[in-house]
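# What the coordinates show
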Amino acid sequence: MSSKPEPKDTHQLNGTGPAPSPCSSDGPGREPLAGTTSEFLGPDGAGVEVVVIESRANAKGVREEDALLENGSQSNESDDVSTDRGPAPPSPLKETSFSIGLQVLFPFLLAGFGTVAAGMVLDIVQHWEVFQKVTEVFILVPALLGLKGNLEMTLASRLSTAANIGHMDTPKELWRMITGNMALIQVQATVVGFLASIAAVVFGWIPDGHFSIPHAFLLCASSVATAFIASLVLGMIMIGVIIGSRKIGINPDNVATPIAASLGDLITLALLSGISWGLYLERDDWQYIYPLVCAFFVALLPVWVVLARRSPATREVLYSGWEPVIIAMAISSVGGLILDKTVSDPNFAGMAVFTPVINGVGGNLVAVQASRISTFLHMNGMPGENSEQTPRRCPSPCTTFFSPDVNSRSARVLFLLVVPGHLVFLYTISCMQGGHTTLTFIFIIFYMTAALLQVLILLYIADWMVHWMWGRGLDPDNFSIPYLTALGDLLGTGLLALSFHVLWLIGDRDTDVGD
């Protein structure tokens, strides 16, 4: 338009009140509105368009708005100009405490039994020669098991959010999301596996002052190969779970992350044990085999980078998503150092079998909560928008656990699952005679106290961290879960070691350490 009308000017048309502000009918994504267009001369003689919108245009605008809301659009534009009602954001899923608990229970138990199986595997392989001679492998355990938080759970949360807001509804969108995300986690797995091996070498060298080049190459080859293969297998499983969940009407946020964890610990630990043992058997030719294994997986990196860059959904994460992954790996490695120093001590018998369980359960529950909060925020806008959704910098515990909103309700449900879940898992371990330890009443009390404190802290931190990241314009799906699961590993290992130490001091440890 050549000029703008004065704000105070109004035109009464057909006695219906003030006309809407002049607008163009050829804006992006807008069709010409039905109505009468008249041209008046402004004070400077220039033409001013006034669009008279008839009732059928209003009805059309309402229909367009409803269609946008159905497709999960976050647009703030609407063609309905006759009322004050603006386009409402997609409403979050209506879930009761019972429905949340029912959907979470089965994946939670499945994930828990997966961690129990991983604990039994670690209880067995800790006596293998490779774990006895190259003790730094224990430092790799929490770091590589934490990959499910760094990569697989982040992938599950990212895809769950995309599925819930309608970004995986067409085959083209689905294929783009799958290829981009699978290539992304292969890049991240290779890099994180390499860095985890460096951390294991450093943490192993600092206390003892001893450095072995063959052991360093063994750790690097084992870590990179384990991370790559585990991420490939688990990523494919996650995609199938999320697609299946949407087809049968289940919220993927409730089931994807626990199922990722249920198989993640077991698959990763089994791969680490098998690969490290196989490479250890070839230690006589280590100068050829170990570097060759590392070089093979590093050579594949450019292929995965190219594929990840093609997808807009993963291009940003490829460039900016490294900070949480690397820091989370470092945090988990500290937990691995604690495990390395306690697992061989007879006073801490049972640490090997119980550590994956307590770490896995805490990480699973907080990942579900973080994914749910992130989805809730995505339904109301984009990161950095809708500041009313992030009103507090540091919420009070009462707000986190006792407010009437759906996220507080899910926090209560997840917290209440801790005791019955762990009782089932402890009973399973006892029946399988794992851990070389007797489950006394005092041990169960100390163990439950550590587990409850771990989950309580994690759920509270998740409530603050997800909202804080959202307010800073960071996508919580990519940034929050790695930190939370790594903190779960550190808290779980540290609290469990403290419980074992206190039980040893009061003389309640009845151990039967054997091979």
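Worth saying up front: this structure is predicted, and the values here are computed from it rather than measured.

This part covers the overall build of the protein chain. Looking only at helices and strands, one finds 18 helices and two strands in the protein chain. Residues counted as buried form 50% of the 515 residues belonging to the protein chain. Accessible surface, the protein chain as shown: approximately 23,100 Å² in total, 64% of it carbon and sulfur.

In this fold, S333 is placed in helix α12 (residues 322–342). In this view, S333 contacts I139, A143, A199 and F203; residues no more than four positions away in its chain are not counted.

Attention shifts here to the environment of V406. One can find V406 in helix α15 (residues 406–416). Along the primary structure V406 and F376 are separated by 30 residues, whereas in three dimensions their C-alpha atoms are 9.2 Å apart.

Counted under the stated rule, the structure contains 16 aromatic pairs. A centroid spacing of 5.6 Å and a plane angle of 80° characterise the contact between F113 and F425, whose relative ring orientation is edge-to-face. Placement of the pair is F113 in helix α2 (residues 97–125) and F425 in helix α16 (residues 418–431), with a sequence separation of 312 residues. Since its relative accessible area comes to 37%, F113 is described here as partly exposed.

Each full turn of the α-helix corresponds to 3.6 residues, which orients residues three or four apart in the same direction. Here helix α18 (residues 476–505) is 30 residues long and its end C-alpha atoms lie 42 Å apart, about the 44 Å a rise of 1.5 Å per residue gives. In terms of burial, α18 is a largely internal element, 21 of the 30 residues being buried. G507 lies just past α18 and shows a positive phi near 75°.

Counting residues in each nonpolar core, the largest one holds 53 residues, and the members touching the most others are L122, L140, V141, L218 and L219. With residues up to four places along the chain from it excluded, the contact list for L219 reads V134, E136, V137, L140, S197, A200 and V201. Within the second largest apolar cluster, 36 residues are counted, among which are V361, L495, A497 and F500.

Together, F194, I198, V202, W205, I206, F211, I213 and F217 line one region of the surface with nonpolar side chains, adding up to about 730 Å² of accessible area. The set of elements that each furnish at least two residues to the nonpolar patch consists of α6 (171–208) and α7 (213–247). Of the residues forming the nonpolar patch, the biggest block, five residues, is contributed by α6. Residue placement: I206 occurs in helix α6. By relative accessible area, which is 54% here, I206 ends up exposed.

Evaluation of the coordinates by the stated rule reveals zero disulfides. Cysteine C220 is unpaired, with the sulfur of C294 as its nearest cysteine sulfur at 3.4 Å.

Bringing the packing of helix α13 (residues 351–378) against α18 into the picture now. Here α13 crosses α18 at 150°, and the two axes come no closer than 8 Å. The angle between α13 and α18 places the two elements in the roughly antiparallel class. For the crossing formed where α13 meets α18, the hand is right-handed. For the contact of α13 with α18, the class distribution of residues is 12 nonpolar, 10 polar and two charged.

Turning next to the confidence of the model for the protein chain. Chain-level pLDDT for the protein chain is 75 on average; 75% of the residues reach the 70-or-more range. Below a pLDDT of 50 lies the segment residues 1–92, which in the model reaches 101 contacts outside its immediate sequence neighbourhood of four places, other chains included. Contacts of residues 511–515 to residues separated by more than four positions or lying in other chains number 10 contacts, the stretch itself having pLDDT below 50.

Attention now goes to the side chain of T493. Position of T493 relative to the elements: it lies in helix α18. By relative accessible area, T493 is classed as buried at 0%. Within the structure, the side chain of T493 is placed 3.1 Å from the side chain of N359, a separation counted as a polar contact. Discounting residues that sit within four places of it in the chain, T493 has contacts with G335, I338, L339, M351, T355 and N359.

On to the environment of I275, then. Inspection of the secondary structure assignment puts I275 in helix α8 (residues 252–281). Through-space distance from the C-alpha of I275 to that of T226 is 7.2 Å; in sequence the pair is 49 residues apart.

Attention shifts here to the packing of α12 against α18. The relative placement of two packed helices comes down to the angle between their axes together with the axis-to-axis distance. Contact geometry for α12 and α18: axes closest at 8 Å, N-to-C directions at 10°. One element, α12, and the other, α18, form an angle in the roughly parallel class. Residues E323, P324, I327, A328, I331, S332, V334, G335, I338, L339 and T342 of α12 lie in contact with α18, whose contacting residues are N478, F479, P482, Y483, A486, L487, D489, L490, T493, G494 and A497. Considered class by class, the residues forming the contact of α12 with α18 number 14 nonpolar, six polar and two charged.

Quick notes on the rules
- Residues numbered from 1 in each chain as written.
- Predicted model: local features only at pLDDT ≥ 70, side-chain atom pairs only at ≥ 80, totals over all residues.
- Heavy atoms only, no water.
- Helix = DSSP H or I, 4+ residues; strand = E, 2+ residues; numbered from the N terminus.
- Buried < 20%, exposed > 50% of the residue type's maximum accessible area, 1.4 Å probe, protein only.
- Areas by Shrake-Rupley, 256 points an atom, 1.4 Å probe, with all protein chains shown as cover.
- Contact = heavy atoms within 4.5 Å.
- Phe/Tyr/Trp six-rings, centres within 6.5 Å; stacked < 30°, edge-to-face > 60°.
- Expected span 1.5 Å × (residues − 1).
- Core = buried A, V, L, I, M, F, W, Y, C linked by side-chain atoms within 4.5 Å.
- Patch = residues over 30% accessible without salt bridge, like charges linked within 9 Å, V, L, I, M, F, W, Y side chains within 5 Å.
- Salt bridge = Lys/Arg side-chain N within 4 Å of Asp/Glu carboxyl O.
- Disulfide = S-S within 2.5 Å.
- Axes fitted to C-alpha atoms, helices over the stretch in contact; angles between N-to-C directions.
- Parallel < 35°, antiparallel > 145°, perpendicular 65-115°, else oblique.
- Left-handed = near helix turned anticlockwise from the far one by under 90°.
- Nonpolar A, V, L, I, M, F, W, Y, C, P; charged D, E, K, R; others polar.
- pLDDT = per-residue confidence, 0-100.
- Polar contact = N/O pair within 3.5 Å; in protein donor to acceptor, adjacent residues only side chain to side chain.

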